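Structural features, examined
Letter by letter, the chains look like this.
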Amino acid sequence: MSNARKLADNLPINGVANAENILINGNFSVSQRGNYSSATAISTSTYYLDRWKSDISGVSATIQNPSVDLPNGVTTKSAKIAATSSGTGYLQLHQWIDPQPYMDNRQITISAYVRSNNANTRIRVEKTGGNVDGSNTHSGGGGWELLEETITLPDSLSSFRIGVIMWNGNAVSISNGDYIEMAEFKAEFGSRRTPFEHEPYETTLRKCQRYFYTVKGPSNGKHIGSVVMRDNTYFYGYPRSFPTPMRAAPSFTYSGVRVYVGDHTNGFTTLTLAAAETDAFSFNGSAAGAVTAAEAGHTGLLYMDATSSNHVTFDAEL
């Protein structure tokens, strides 16, 4: 490698220090979708902890998000996936990364504290130009070990994900109770690992909310947006402003949401949204009930009932 290339790999990119983690929620502190303090059954190709997606084949599994003490003296959150059946397959937790032009042809160092009872556990990178299975595998002895891998990204990077997997180039034998647990997961530009930096929770949350944002039912209800009645039944609506701009126009799901218009104080108890409206930060649909003719064309409120299980979610994940 030329001196110029080495220098470039250690220069800031777009004002960002070289040591910044391109993985989001690498300390697994943010979990908008649920509380996984105890083991919870999971499905494959599904997000649980923010920005981290499951990838499971051949076995069933659970996810857990406990607090752990690492060999470096840090107490932090971890992500643990464990098999609950036996079979031939793989277990992986990975993060899709949005490729950017500045990533092309760059060296990147990936590291994580990992513990496992299966010696096939390793870092895996799936990317344009070919996948990389880390050669630095866990011993399978059940203790914390630091796994690390340095690779060079290809030109014109268009697909990119990083994870830890129980795998050996092909599916492996997995027993009920085999697990992967990871903490302080980091990917940084350059040829060497630097210490993991724990940023404030609020900072990590805002990064996660660029991809997924949820509003949950509070104890006293919540105004979550505004609507305009097109006629006696159909409406157009806009959610309240997002805490951070989302990566793309999100899909929209909800539970326990009503529309209030004019004097129609009971609201509509059921909304039906038009899926085609996900190409913009707005929605339309119909409500189960009719306002009076005099209320057609009026504005109203989109309101969430005061029940903790109610929610509105905006999903722009990769």
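Residues numbered from 1 in each chain as written. Predicted model: local features only at pLDDT ≥ 70, side-chain atom pairs only at ≥ 80, totals over all residues. Heavy atoms only, no water.

Moving on to the nonpolar core. Among the nonpolar cores identified, the biggest contains 40 residues, and Leu91, Phe160, Ile162, Met182 and Phe185 are the most heavily contacted of them. Ranked by residue count, the leading element in this core is strand β14 (residues 179-189), at 5 residues. Among all residues touching Phe185, those that are not within four sequence positions of it are Asn21, Leu23, Gly26, Phe28, Trp52, Ile110, Ser111, Ala112, Ile162, Gly163, Val164 and Phe196. In terms of nonpolar packing, the next biggest core, distinct from the first, is built from 15 residues, Val215, Val257, Met304 and Phe314 among them. (Core = buried A, V, L, I, M, F, W, Y, C linked by side-chain atoms within 4.5 Å. Buried < 20%, exposed > 50% of the residue type's maximum accessible area, 1.4 Å probe, protein only. Helix = DSSP H or I, 4+ residues; strand = E, 2+ residues; numbered from the N terminus. Contact = heavy atoms within 4.5 Å.)

As a further point, take the pattern of salt bridges. Considering all chains together, one arrives at 10 salt bridges under this definition. Among the ionic pairs, Asp50 bridges to Arg33, the shortest N-O distance being 4.0 Å. With Asp50 in the loop between β1 (40-42) and β2 (53-57) and Arg33 in the loop between α1 (3-9) and β1, the pair connects residues that are 17 residues apart, well separated along the chain. The class of Arg33 is partly exposed, set by a relative accessible area of 23%. Note that Asp55 is salt-bridged to Arg161, the shortest N-O span being 3.7 Å. With Asp55 in strand β2 and Arg161 in strand β12 (residues 160-166), the pair connects residues that are 106 residues apart, well separated along the chain. (Salt bridge = Lys/Arg side-chain N within 4 Å of Asp/Glu carboxyl O.)

This part covers the sheet that holds strand β6 (residues 79-83). Strands sit in the order β1-β3-β6-β14-β8-β11 across an open sheet of 6 strands; the sheet is antiparallel. Edge positions in the sheet fall to β1 and β11 (145-152), since each has one partner strand and no second. Across the sheet, the mean angle from the axis of one strand to that of its neighbour is 30°, orientation sign disregarded. Sheet analysis places β6 next to β14, joined by 4 bridges and oriented antiparallel. Paired with Ala82 across the strands is Tyr179, a residue of β14. (Pairing = 2+ DSSP bridges. Axes fitted to C-alpha atoms, helices over the stretch in contact; angles between N-to-C directions.)

Regular strands place side chains that alternate from one sheet face to the opposite one. Of all 5 residues making up strand β15 (residues 212-216), 4 are buried, and the element is well covered by its neighbours. Bridge analysis of β15 against strand β24 (residues 311-315) gives 5 bridges, and the strand direction is antiparallel. The partner of Lys216 across the bridge, within β24, is His311.

Of the residues making up helix α2 (residues 201-209), those classed as buried are Thr204, Leu205, Cys208 and Gln209. One side of α2 carries all its buried residues, which in axial view fall inside an arc of 135°. In this fold, the buried residues of α2 make contact with β15. (Arc of directions from axis to C-beta.)

What follows concerns the packing of aromatic side chains. Per the stated rule, a full pass over the model turns up 8 aromatic pairs. Ring geometry for Trp52 against Phe185: centres 5.2 Å apart, planes inclined by 25°, an arrangement best described as stacked. Placement of Trp52 in the loop between β1 and β2 and of Phe185 in strand β14 is noted, with a sequence separation of 133 residues between them. The pair formed by Trp52 and Phe185 is uniform in burial state, with each residue classed as buried. Aromatic pair Tyr213 and Phe314: ring centres 6.0 Å apart, planes at 15°, arrangement stacked. Pair noted here: Tyr213 is in strand β15 and Phe314 is in strand β24, with a separation of 101 residues, a long-range link. Judged by relative accessible area, which is 17%, Tyr213 ranks as buried. The class of Phe314 is buried, set by a relative accessible area of 6%. Arg33 extends its terminal NZ or CZ atom over the ring of Phe212, reaching a point 3.7 Å from the ring centre. (Phe/Tyr/Trp six-rings, centres within 6.5 Å; stacked < 30°, edge-to-face > 60°. Lys NZ or Arg CZ within 6 Å of the ring centre and 35° of its normal.)

To continue, consider unusual backbone geometry. For Ser45, which is not glycine, the phi torsion reads 55° and is therefore positive. Along the chain, Ser45 falls in the loop between β1 and β2. A positive phi angle, near 45°, is found at Glu184, a position not held by glycine. Inspection of the secondary structure assignment puts Glu184 in strand β14.

The pairing of strands in a sheet happens through backbone hydrogen bonds and is either parallel or antiparallel. Across the sheet, which stays open at both edges, the 3 strands sit in the order β15-β24-β18 with antiparallel pairing between neighbours. The open sheet has two edge strands, β15 and β18 (251-255), and neither has a second partner. Neighbour to neighbour, the strand axes of the sheet diverge by 10° on average, direction disregarded.

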